[in-house]
Amino acid sequence: MTACSMTGFARGEGSDDRIRWTWEARSVNGKSLDARLRIPSGWERLDPIVRKSLQEGFKRGNFTINLDIRPIGGKGAVRINEGLLDELVARCEAFGERPRLDTLLTVRGVVEAAEEDDGDLSGDDERIAAIESTLTETLARLAEARSEEGGRIASVLRDHLGEIETLVEEAETCADAMPEAIRNRIMAQLDELLPKDGALASERLAQEAAVLAVKADVREELDRLKAHIEGARDLLREGTGIGRRFDFLCQEFNREANTLASKSAALDLTRIGLNLKACIDRLREQVQNLE
């Protein structure tokens, strides 16, 4: 399965002997599935059809769906204003002029554009079915566009995950993350805590050592980060409908990176922690585009 973006555009056209119609469908990022429809007056029966198609085909995104309907010229597209024509003929005769039809037809207002009865046209079930078929084709193209964009985003996400994995491995090999370095640092700090006469209760010593060990050891955070990397790759393999879960996983990534950076007492590990946070931010920015 391929991850899907929430961004896309598609267009579809159709016609019959009376009208020509055009669908345009756009989608951008959104927390849920929202639709704004622009459908000509008289064609409102298409509104629930569009909304149902969106709910069946998509999970998230802000959609704008436009329908443009125009009459086809040459088929009842004009009419003669007979009242005005009769008035012009009468005036010509009153002045003793012989009226010429070809001249009178050029007078503004004699020939007018005829308006189709959209209400009657929209009541034709066969015509509605044809317009709905074009809508289905348009939304299929939109889904394809979102899928193609999702594939490109997934490739970027895999690169970011690879970078995070490299930083985690670098942190594991960092001397400050190794048990021996942690023990040495604890012993050095305990030496500073010990009284000059060395009279410190062994229980107190153990407590201090435990506290310092917890503060210094980042192996648990690194293990969690590695688990999150595998979880993110599993989501990418799953593909569809992963946006919300991936966003939550990014929050967990960030939590572990923050903890790692706060525990670090060495510049190398601090640098790794900051680089991790920057990479996780880039990862999350791309995840916002996923459905």
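Summarised in this report is the structure supplied together with it. In this text the structure is predicted, and so the values were computed from the model without any measurement.

**What to know about the overall build of the protein chain**
Phase 1 of the analysis: Looking only at helices and strands, the protein chain has 10 helices and six strands in total.
Phase 2 of the analysis: Put simply, the protein chain has 291 residues, and 35% of those count as buried.
Phase 3 of the analysis: Intrachain contacts of the protein chain at a sequence separation of at least 6 include 77% that bridge at least 24 residues.
Phase 4 of the analysis: As displayed, the protein chain has an accessible area near 16,900 Å², and 49% of this comes from carbon and sulfur atoms.

**A few points about the sheet that holds strand β2 (residues 19–28)**
Phase 1 of the analysis: Pairing in this open sheet of four strands is mixed, and the strands run β1-β2-β4-β3 from one edge to the other. Lying at the two open borders of the sheet, with one neighbouring strand each, are β1 (8–15) and β3 (33–38). Direction aside, neighbouring strands of the sheet carry axes that sit 15 degrees apart on average.
Phase 2 of the analysis: Sheet topology note: the β1/β2 ladder contains eight bridges and is antiparallel. Of the residues in β2, the one forming a bridge with Gly12 is Trp23.
Phase 3 of the analysis: Contacts between helix α1 (residues 47–57) and the sheet are confined to β2, β3 and β4 (61–71), with β3 contributing the most and set at about 150 degrees to the helix.

**Re the environment of Thr134**
Phase 1 of the analysis: Along the chain, the position of Thr134 falls in helix α5 (residues 125–173).
Phase 2 of the analysis: Taking the C-alpha atoms as reference points, Thr134 and Ser15, 119 residues apart in sequence, are found 9.6 Å from one another.
Phase 3 of the analysis: Each residue touching Thr134, except ones within four places of it in the same chain, is listed here: Gly12, Glu13, Gly14, Trp21 and Trp23.

**Digging into the nonpolar core**
Phase 1 of the analysis: Residues Leu157, Ile164, Phe246, Phe253, Leu276 and Leu283 are the most contacted members of the largest nonpolar core, which totals 32 residues.
Phase 2 of the analysis: Listing elements by their share of this core, those giving two or more residues are α5, α8 (219–238), α9 (243–263) and α10 (267–287).
Phase 3 of the analysis: Counting 21 residues, the second largest nonpolar core, distinct from the first, contains Trp43, Leu54, Phe58 and Ile131.

**Re the packing of α1 against α5**
Phase 1 of the analysis: Put simply, α1 and α5 touch, their axes get as near as 11 Å, and they point 30 degrees apart. The pairing of α1 with α5 is recorded here as roughly parallel in orientation. The handedness of the crossing between α1 and α5 comes out as right-handed. Residue-level contacts link Ile49, Val50, Ser53 and Leu54 of α1 to Ile128, Glu132, Leu135 and Leu139 of α5.
Phase 2 of the analysis: Here the residues of the contact of α1 with α5 are counted per class, giving six nonpolar, one polar and one charged.

Each value, and the rule that gives it
Residues numbered from 1 in each chain as written. Predicted model: local features only at pLDDT ≥ 70, side-chain atom pairs only at ≥ 80, totals over all residues. Heavy atoms only, no water. Helix = DSSP H or I, 4+ residues; strand = E, 2+ residues; numbered from the N terminus. Buried < 20%, exposed > 50% of the residue type's maximum accessible area, 1.4 Å probe, protein only. Contact = heavy atoms within 4.5 Å. Areas by Shrake-Rupley, 256 points an atom, 1.4 Å probe, with all protein chains shown as cover. Pairing = 2+ DSSP bridges. Axes fitted to C-alpha atoms, helices over the stretch in contact; angles between N-to-C directions. Core = buried A, V, L, I, M, F, W, Y, C linked by side-chain atoms within 4.5 Å. Parallel < 35°, antiparallel > 145°, perpendicular 65-115°, else oblique. Left-handed = near helix turned anticlockwise from the far one by under 90°. Nonpolar A, V, L, I, M, F, W, Y, C, P; charged D, E, K, R; others polar.

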